[in-house]
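Working through the structure, step by step
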Amino acid sequence: GVLYISGVIIDADNRNYSSLIFSIDLSSMKVGGISSMKNPHAWHSMLYLPSHEILIVSGLDSKIAEVFDTESNSTIKETTMNEMRCESSCIIVNNDYVYAFCGYLENFGFLNSIEKCNIRRNSLHWEVVNYKIDDDTVFYPSFSPLMMLEDNIILLYGVNEINSNGNKEWVKSYKMKIEN
C-alpha cells in the first residue's frame, strides 16, 4: 500500500503553506512521488477516492477542494466549498458522494454544518446538507471517525454535543440517515 501526505506549514506566522504532496510505499518505507497540488493546503482533510484519486478538502485559510490524480500527479478537478473547513471528517457514500462533516474554523471554534459533493460529475459543486436531530441537541462532530452502515446510514463516533442548557456532553455514537 501507499500512504499520501500533504499540507506542510512552511511559516505559520506569515500563513505560508506548501502545495507538496508525497507518497510513502508502506512495504519498503521509501518516500517517492513528490508532486505539487494546484493549491497550498494546511489543516485539511484528505480522502482516497476509488479511482486512484485523492480529494483534498479545504483547510486553513481556504475553501478550495481539489481532486489530485495519483497516476498523473496533477490536480484534475477543483471546486470551492461553501465554508472553510479545517480537519473535517469526510466519507464517500456509494462511490458517488463525498460528505464533509463539520470541522474547525481557526479563531471561531467548531462548525456544525455538513456539505456534500457528487464526485462523479465533471464539474464539482458542494451543497449544504440540511439535517435534523430529533431532540434539542446541537452536535459538533469534528475530528470524529465515520463509518458507513447499510441503507445510507452513517455512524459518527465520539460526537461532542451541546444540549439546550448549554452543557457539553460526550456521546459514543450517532446514526445519521443520508439521502443523495
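Residues numbered from 1 in each chain as written. Predicted model: local features only at pLDDT ≥ 70, side-chain atom pairs only at ≥ 80, totals over all residues. Heavy atoms only, no water.

**What to know about empty space enclosed by the protein**
Counted under the stated rule, the structure contains 1 cavity of 30 Å³ or more. If you trace the largest cavity, you find it lined by Leu49, Glu53, Val67, Lys77, Ile119, Arg120 and Leu124. A breakdown of the residues in the lining of the largest cavity according to their chemical character gives 4 nonpolar, no polar and 3 charged. (1 Å grid on protein atoms, 1.4 Å probe; cavity = no way out; pocket = protein on both sides within 12 Å on 5 of 7 lines; lining within 4 Å. Points joined across faces, edges and corners; volume = space filled by probe spheres on them. Nonpolar A, V, L, I, M, F, W, Y, C, P; charged D, E, K, R; others polar.)

**Regarding the pairing of strand E11 (residues 97-105)**
Across the 9 residues that make up E11, a large majority, 8, are buried. As defined by bridge partners, strand E10 (residues 89-93) adjoins E11 across 5 bridges and the pair is classed as antiparallel. Paired with Val93 across the bridge in E11 is Tyr97. As paired elements, E11 and strand E12 (residues 109-118) share 8 bridges and run antiparallel to each other. By the bridge assignment, Tyr104 is partnered in E12 with Phe110. Between E11 and E12, which pair antiparallel and follow one another directly, the connecting turn spans 3 residues, one of which, Asn107, has a positive phi of 70°. (Buried < 20%, exposed > 50% of the residue type's maximum accessible area, 1.4 Å probe, protein only. Helix = DSSP H or I, 4+ residues; strand = E, 2+ residues; numbered from the N terminus. Pairing = 2+ DSSP bridges.)

**A look at the nonpolar core**
Burial of nonpolar side chains together is a common tendency in soluble globular proteins. Core analysis: the biggest nonpolar cluster contains 15 residues, and Leu49, Leu55, Val98 and Trp126 have the highest contact counts within it. Broken down by secondary-structure element, the contributors of at least two residues to this core are strand E6 (45-49), strand E7 (53-57), strand E8 (64-69), E10 and E11. Sequence-distant contacts of Trp126, defined by excluding residues within four places in its chain, comprise Leu55, Ala65, Thr79, Thr80, Met81, Asn82, Val98, Ala100, Glu115, Lys116 and Cys117. Grouped together as the second largest cluster of nonpolar side chains are 11 residues, Phe101, Ile114, Leu146 and Met176 included. (Core = buried A, V, L, I, M, F, W, Y, C linked by side-chain atoms within 4.5 Å. Contact = heavy atoms within 4.5 Å.)

**Section: the sheet that holds strand E4 (residues 20-25)**
Strand order across the open sheet formed by 3 strands is E1-E4-E5, with antiparallel pairing between neighbours. Only two strands of the sheet have a single partner each, and these edge strands are strand E1 (2-6) and strand E5 (30-36). Strand-to-strand, the axes of this sheet are offset by a mean angle of 25°, without reference to chain direction. Relative to E4, E1 runs antiparallel, the two being bridged by 5 bridges. For Ile5, the partnering residue across the bridge sits in E4 and is Phe22. (Axes fitted to C-alpha atoms, helices over the stretch in contact; angles between N-to-C directions.)

**Some points on the confidence of the model for the chain**
Here the chain shows a mean pLDDT of 82. Residues at 70 or above account for 79%. Model confidence for the chain, summarised as mean pLDDT per element, is weakest for strand E14 (residues 138-140) at 57 and strongest for strand E13 (residues 126-128) at 95. (pLDDT = per-residue confidence, 0-100.)

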